[in-house]
Every structure is written in structure tokens, then in C-alpha cells.
Protein chains: 2
Amino acid sequence: MTASEKPSHHHGNLRSALINAGVQLLSEGGLEALTLRKAASVAGVSHAAPAHHFASLTNLRSAIAAAGFDIFDASMKREIKKVSSSNPSAVIRAACRGYIIFAIDNPALFSLMFGGTELIREEPPLGASSSLAYETLTQICLPYSRDAKSLENMRMLVWSLVHGFTSLMLAQQKNFPSADDAIRQFEEMLPDFSKLQNGE
Amino acid sequence: MTASEKPSHHHGNLRSALINAGVQLLSEGGLEALTLRKAASVAGVSHAAPAHHFASLTNLRSAIAAAGFDIFDASMKREIKKVSSSNPSAVIRAACRGYIIFAIDNPALFSLMFGGTELIREEPPLGASSSLAYETLTQICLPYSRDAKSLENMRMLVWSLVHGFTSLMLAQQKNFPSADDAIRQFEEMLPDFSKLQNGE
DNA sequence: CCTCGATCTAGACACTGTCAAGTTAATTGA
DNA sequence: TCAATTAACTTGACAGTGTCTAGATCGAGG
């Protein structure tokens, strides 16, 4: 949509425009700043236009959360790529760094995804994107699993640890630490954790 | 407030009545069912009455969250009392059971307390109650701490683990498991965790 | 008894999600 | 090519929300 295009009655790509507007509203004003009408306004359409793409606010929130899971998964994968994949423990720690970085960079989005807001989790947009991140978290635990049950336990252990740490960090401090400080604190807590790996 | 008392213009104890009404609304309709006007209605007063006790919805939410932290702390302490206090690891596991039980019994309250809703965390009502629970979590880690730093790491480790597990459980399943099932799943994940205790 | 302050009511305003009806534009089909 | 159909959007309305202002009522202290 360049400036040379004359404004059309049809927006063209309103659905993704509303999602982008929602992400922006979240990052600027927190959870409660995300409203259908504001998103419509930012996207440059009337207040009722979103209804044709999202049946309700819950649907828009779910689509935004799905976009959040994509960013989230990308953040973990980016940090994983930075380290040698031959060291399983380093890979897990890298994923955790990506986890924390995402939350610090997108606290309101993180809250929307995990904070208890009603979302439609099963259907395609959100279900697929969250499964992606789920899969990444499973992959990094594979080296530590002997069977299906130990994999599930390890995955839940790692996920619980990093998710709990991140959630509590966001809930406690009004002014979050920098991502570097948060990661430092997490890894300082973690050394004991490495004992339960079968060897690093 | 018995039925024999004639209704007075003054409610008498509107502040706590609104908090109780809020807890009820949360448990019946989730996060978004908690509104000032509904709480006022449940308490039997006009829509503007709450303003004299809570300057804004955020203040009411904070007071309700404070009440939640009291229940939360009581739930942990109740489980701790059930076990012999001579076994530090058993005490920690008991506290975690209380943590999970509270979340299963009060999912919306849990979301309000930790889910990213804006709250006034420093001031007396919420600040004091959350410090109480914080203190309980610190106490159960004392047997495993050699110094201030190791205590902080252990506390954060335990808290992150149980909080992350609980949050993810509430976020993932629309129909939560029973408290018993959730605790079983948590403790099944935990055995590896016991390795990092200096001895059970 | 009377005053005064605390408590609550009534009304209003802007904002919200959602619905219904109408308008515009793109696409399809003959 | 051009009319008809359908998708996309606008306008208007409604109930519900937080919050403000003004006024009414009650309880306690002088």
C-alpha cells in the first residue's frame, strides 16, 4: 500500500492490518489498550469493519496471540542458531534466552498469550502457531530423553522453569530489568539445574 | 447483617462486601466478569457507590488480588502443616501442592494476580499480602540455602518451577485437570528436581 | 437539637463490543 | 462487455462499562 495508490473502499488486507494494529496497541498501551475500535481506527477503517474478519474481540485477540507465538518461536530459534548445536545444554539455555528476550520485548503480548485472557486456542491460527513453539521446546529436550515419558517430563521441566521465571519477573517489577539482566539472573539460578542433566 | 436489620442508607461494610462480590464474580464468570457495576449490584448498592472505597477499577482489582494472596498463602500453609516439618523436601513439595490447589480452585483469581492485569502492587493491601506469600516461599527454601545468594536462587527456582507449571496448565487446558491429577503430573516431573537438593 | 462530614444515589458522558441496515466496489457469469 | 451477485466496508443504534458531578441521606459530635 504505497501513497500513490488511491484510497479504495476495500482495504485490501484488513485482516493482517488489524493484527498489526493490535500488536502496536498492545506494545504502546498494554492489555487494556487493545480494543476493536482502536484497532479499526489505526487501520483506517470504520469501527464495524473488523466484524467481517473477526467475529468478536476474542477472535482478534486469538489472532494477535497467534502472531505473538510466531514471534516467540522465532526469538527462541534465533538464539538457538547462535550457539553450537552440539551442546544440548547450551541449546536449552539459548532457547530460554530467546524466551526471556521475547517477553521483555513484548510484555503485553506475552500477557495476552499466557495471562488468562479468554482465547480460542484450538482453531487454526492460534493452534498452529502455538504448536510450533511447543515443538521447538520439545526438540531441544530430545537429547535428554530416554523415552516418551522422560521427554515429556524434561520438556515440562524446562518450560515450567523458564515460563515461571519470566512470568514472575513481568508480574513483580513494574519496570522490567533489561533482557541482559534478566538472562543473567536466570542463568545464575540455573547452575544447580544443570546437575539434573545427564551430563553437559 | 441479619434479615431483621432494616436496610440502611449506609451499607456498613461496603468495602469488604465489594471484595467478596468481586471474588464471586471472578469465580463465576472469569476475568472479564469482574466489573465495578456488577460488584456494586451484587453488594446491593448503586453503581457509583464503589467510588468512595475504590478510586478506580484497578484499585478494586488490587484489593481482590490482595485477598487472593491471603487465600493463596493459606492454601500453601495448610498443605505444609499436613507434613512433618522435619523433611525439608517434603515441605517444599507440600507448598507446591498448596500452590497448585489454589490455582485449580481459583483460576480467575490466579489470573488476576499473575496474568498481567495492571495492579497497584506496592501499596498496603496488595503489597502486604503478596509479601506474606513471598515470605512463605522463602521459609521453605531455608534448609537448602548456604548463604543469601543460594537462598535467593533456590527460592526463585522453586517458585519458577511451580508457578510455570501452574500457569501453563491453566493456559493450555480449557478444562483443567483435577487438583489431584495436576499434582500427580507435577510430582512426576519433579523427581529429577530432587537431585539438586543437597540430600533428601 | 443541630450541624457537619461520611456515605450513598441519581444522572450524565465518553467509550466499548456488537448488531442491523445500507452503500460501495470487485468479481463473476453470460 | 456489462449486468448481477457477492464480498467489504460505512453508518447508526443499543446496552453495558468506568468515571465524574451534584444532590440526598444518615450517623456522630458539639
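Check the entry above for the structure.
First, a word on what this report is: a plain description of the structure on this page. (Residues numbered from 1 in each chain as written. Chains lettered and ligands numbered in written order. Predicted model: local features only at pLDDT ≥ 70, side-chain atom pairs only at ≥ 80, totals over all residues. Heavy atoms only, no water.)

**Side note on the state of the cysteines**
Here comes step 1: What the rule picks out here adds up to 0 disulfides over all chains.
Here comes step 2: You can see Cys141 of chain A has no disulfide; the closest cysteine sulfur is in Cys96 of chain A, sitting 8.6 Å from it. (Disulfide = S-S within 2.5 Å.)

**Some remarks on the relation of the copies chain B and chain A**
Here comes step 1: For the pair chain B and chain A, the best superposition has an RMSD of 0.0 Å and corresponds to a rotation of 180 degrees with a translation of 0.0 Å parallel to the axis. What the rotation and shift describe, once combined, is the action of a two-fold rotation axis.
Here comes step 2: Taken as a fraction of all interface residues of chain B, those also at the interface in chain A reach 97%, which identifies the copy contact as same-surface. (Least-squares fit on C-alpha atoms with pLDDT ≥ 70 in both. Contact = heavy atoms within 4.5 Å.)

**Things to note about the interface of chain B and chain A**
Here comes step 1: Taken residue by residue, the interface counts 34 residues in chain B and 34 residues in chain A.
Here comes step 2: Together chain B and chain A conceal approximately 3200 Å² of surface at their shared face, both sides included; 58% is due to carbon and sulfur atoms.
Here comes step 3: With a closest N to O distance of 2.9 Å, Glu32 of chain B and Arg61 of chain A form a salt bridge.
Here comes step 4: Counting the contacts that link chain B with chain A gives 10 residue pairs in polar contact (both at pLDDT 80 or more).
Here comes step 5: Secondary-structure elements contributing two or more residues to the side of chain B that touches chain A are helix H5 (107-114), helix H7 (148-172), helix H8 (179-189) and helix H9 (191-194) of chain B.
Here comes step 6: At 14 residues, the largest contribution of residues to the side of chain B that touches chain A is made by H7 of chain B.
Here comes step 7: For the side of chain B that touches chain A, the per-class residue count stands at 13 nonpolar, 12 polar and 9 charged. (Buried area = accessible area lost by both parts, 1.4 Å probe. Salt bridge = Lys/Arg side-chain N within 4 Å of Asp/Glu carboxyl O. Polar contact = N/O pair within 3.5 Å; in protein donor to acceptor, adjacent residues only side chain to side chain. Helix = DSSP H or I, 4+ residues; strand = E, 2+ residues; numbered from the N terminus. Nonpolar A, V, L, I, M, F, W, Y, C, P; charged D, E, K, R; others polar.)

**Thoughts on the packing of H7 of chain B against H8 of chain B**
Residue and element names in this part refer to chain B.
Here comes step 1: Viewed as axis vectors pointing N to C, H7 and H8 meet at an angle of 135 degrees, and their least axial separation amounts to 11 Å. Regarding the angle of H7 to H8, the classification is oblique. The chirality of how H7 crosses H8 is right-handed. Side by side, H7 and H8 meet where Leu161, Val162, Phe165 and Met169 of the first sit next to Ala182, Gln185, Phe186 and Met189 of the second.
Here comes step 2: Counted by class, the contact of H7 with H8 contains 7 nonpolar, 1 polar and no charged residues. (Axes fitted to C-alpha atoms, helices over the stretch in contact; angles between N-to-C directions. Parallel < 35°, antiparallel > 145°, perpendicular 65-115°, else oblique. Left-handed = near helix turned anticlockwise from the far one by under 90°.)

**Some words on the protein's contact with DNA strand D**
Here comes step 1: The environment of DNA strand D is made up of 24 residues, and the closest members are His11, Ser46 and His52 of chain A together with Leu36 and Arg37 of chain B.
Here comes step 2: Close to the protein, within 4 Å, the atoms of DNA strand D belong to sugar or phosphate groups at a rate of 54%.
Here comes step 3: One nitrogen or oxygen atom from the main chain of Ser46 of chain A is found 2.5 Å from a phosphate oxygen belonging to DNA strand D.
Here comes step 4: A distance of 2.7 Å separates a phosphate oxygen of DNA strand D from a polar backbone atom of Leu36 of chain B.
Here comes step 5: Of the residues forming the surface near DNA strand D, the biggest block, 3 residues, is contributed by helix H2 (residues 36-43) of chain B.
Here comes step 6: Residues that form the surface near DNA strand D fall into these classes: 7 nonpolar, 14 polar and 3 charged. (Near = heavy atom within 4 Å.)

**Remarks on the environment of Ala179 of chain A**
Residues and elements named next belong to chain A.
Here comes step 1: Here Ala179 shows up in helix H8 (residues 179-189).
Here comes step 2: You can call Ala179 buried: its relative accessible area is 19%.
Here comes step 3: When the C-alpha atoms of Ala179 and Ile101 are compared, they prove to be 5.6 Å apart, with 78 residues separating the residues in sequence.
Here comes step 4: The contact partners of Ala179, leaving out residues within four places of it in the chain, are Ile101 and Ile104. (Buried < 20%, exposed > 50% of the residue type's maximum accessible area, 1.4 Å probe, protein only.)

By themselves these figures say nothing about function.
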